[in-house]
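Okay, here's what each chain looks like letter by letter:
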Amino acid sequence: MTAGITDTAHVVDAATVMRLLTARPRLLALGEPTHGEDVLLELRNDLFRQLVELEGYRTIAIESDCMMGLIVDDYVTSGAGTLDEVMERGFSHEWGAFPANRELVRWMRAYSDGRPASERLRFAGFDGPLEITGAASPRQALTALHAYLTAWADADLLPCAADTLDRLLGADDQWTNPAAMMDPSQSVGQTPEAKQLRLLADDLVTLLDAQTPQLIAASSPDDWDRARLYGRTATGLLRYHFWMADTSPSRMARLLGVRDSMMAANLLAIAEQGPALANAHNGHLQRNKSRMRMGDLPVEWWSAGAIVSAHLGQGYAFLATALGTIRHQGVDTPPPDTIEGLLYALPEDRYVVEARRLAAILGEVTPAGRVSPWYGYSPLDPAHLASNDGIVFVKDARRS
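Residues numbered from 1 in each chain as written. Predicted model: local features only at pLDDT ≥ 70, side-chain atom pairs only at ≥ 80, totals over all residues. Heavy atoms only, no water.

Is there a simple way to explain the overall build of the protein in this structure?
Within the protein, the secondary structure is distributed over 17 helices and twelve strands. Expected size for 400 residues packed as a compact globule is a radius of gyration near 21 Å; at 22 Å, the protein falls within 12% of this value. Expressed along its principal axes, the backbone C-alpha trace of the protein runs to roughly 70 × 55 × 35 Å. Across the protein, the fraction of contacts at a sequence separation of at least 24, relative to all contacts at a separation of at least 6, is 78%. Surface accessibility of the protein: about 17,600 Å² in total, with carbon and sulfur atoms responsible for 52%. (Helix = DSSP H or I, 4+ residues; strand = E, 2+ residues; numbered from the N terminus. Rg over C-alpha atoms; globule rule 2.2 N^0.38 Å. Contact = heavy atoms within 4.5 Å. Areas by Shrake-Rupley, 256 points an atom, 1.4 Å probe, with all protein chains shown as cover.)

In structure tokens form, the structure reads like this:
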């Protein structure tokens, strides 16, 4: 069996990845089993660079705030701002502090500089303005959408004035109160004002859609596309805040599902614009339901990748990444009967593995599920092996 497994493992490069697929997917996603490991971010950069240069991909999207990502996109496409400013203001989750993310943005800007618009790279964050501790105020997205419609749509069609939104929104710190994540009574998501904002946001998004021909002609396709992002973000945040105020047992499943639904909507919009690459945690990009435990309560929800795959079919491809060791986090050599253990026994440091062929070789022998001693690392689920288009395996992640 070892020889057969060896035959499924190949060098990590764009040509190998494309040979795993029947055609170039519209959205090619690379997952990771943990965040922040330099070796994974550097591998992503190398592979994405090849896919841009050899396969014509033109957008790179990562698991970061979609509104902040507009700052990075402006820099990549036109040189607006400085690299230092962009890394400080253009990323959520502290991703701007990672050297490999800085190098990715620097390279994207250098690649785009001097090229015609159709050949420039685009950057996108595809997460909502959400953190583990809570969610942003909907103010930025909602007022940006209203301002766009005020500028380009018929004034008498607007459902409200800007000062009405401002009054209903109130102070931003009531929306961002971190206590609301654990205590629904601290959330303002189901107040009368919040419920009215949801209706107005829906009316604004409907107006944006109904006036599409006029808006694209009067402004520009890029401006209209950004307005759509504002609409998705405003309605998504208001929905997320609504469920933060929920007291039912399904509260966390709702919140996790809303977040991945927002991610999926952003990824689908990105894929509309042309071939795109995405990078996020495996759990957000996989084709299967995501699962976790919140205390004693098991929680399930459909991942963004599952939603996108249902829409795009073969237009979506997913490479899961697996790690052998993260010794500085207590993740040592994997047991030999796990997927990671089988791949760890191979001689080289990294591979792209034909996932479905590996599953066929294993046949009815189901590998054991690896158990991580560290909460920040998620091993591969053996039951999902054949649902991946490929596995990128890295033997060891070493401390920076």
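What is the right way to read the nonpolar core from this model?
Nonpolar side chains in soluble globular proteins tend to be buried together. Counting residues in each nonpolar core, the largest one holds 44 residues, and the members touching the most others are Leu28, Leu51, Ile60 and Val105. With seven residues, the top contributor of residues to this core is helix α3 (residues 38–55). (Core = buried A, V, L, I, M, F, W, Y, C linked by side-chain atoms within 4.5 Å. Buried < 20%, exposed > 50% of the residue type's maximum accessible area, 1.4 Å probe, protein only.)

Hey, could you run me through the pattern of salt bridges in this one?
Any two side chains of opposite charge can pair, so long as their charged atoms come close to each other. Overall, the coordinates contain 22 salt bridges when judged by the stated rule. We note a salt bridge from aspartate 73 to arginine 122, for which the minimum N-O separation is 2.7 Å. In this pair, aspartate 73 is assigned in helix α4 (residues 69–78) and arginine 122 in strand β4 (residues 122–127), connecting sequence segments 49 residues apart. On the basis of relative accessibility, which here comes to 30%, the residue arginine 122 falls in the partly exposed class. Across the pair aspartate 127 and arginine 259 runs a salt bridge, and its minimum N-O distance is 2.6 Å. Separated by 132 residues along the polypeptide, aspartate 127 in strand β4 and arginine 259 in helix α13 (residues 251–272) bring together distant segments of the chain. The two residues aspartate 127 and arginine 259 agree in class, both being buried. Sharing partners across several salt bridges, the network here consists of Asp73, Asp74, Arg122, Asp222 and Arg226. (Salt bridge = Lys/Arg side-chain N within 4 Å of Asp/Glu carboxyl O.)

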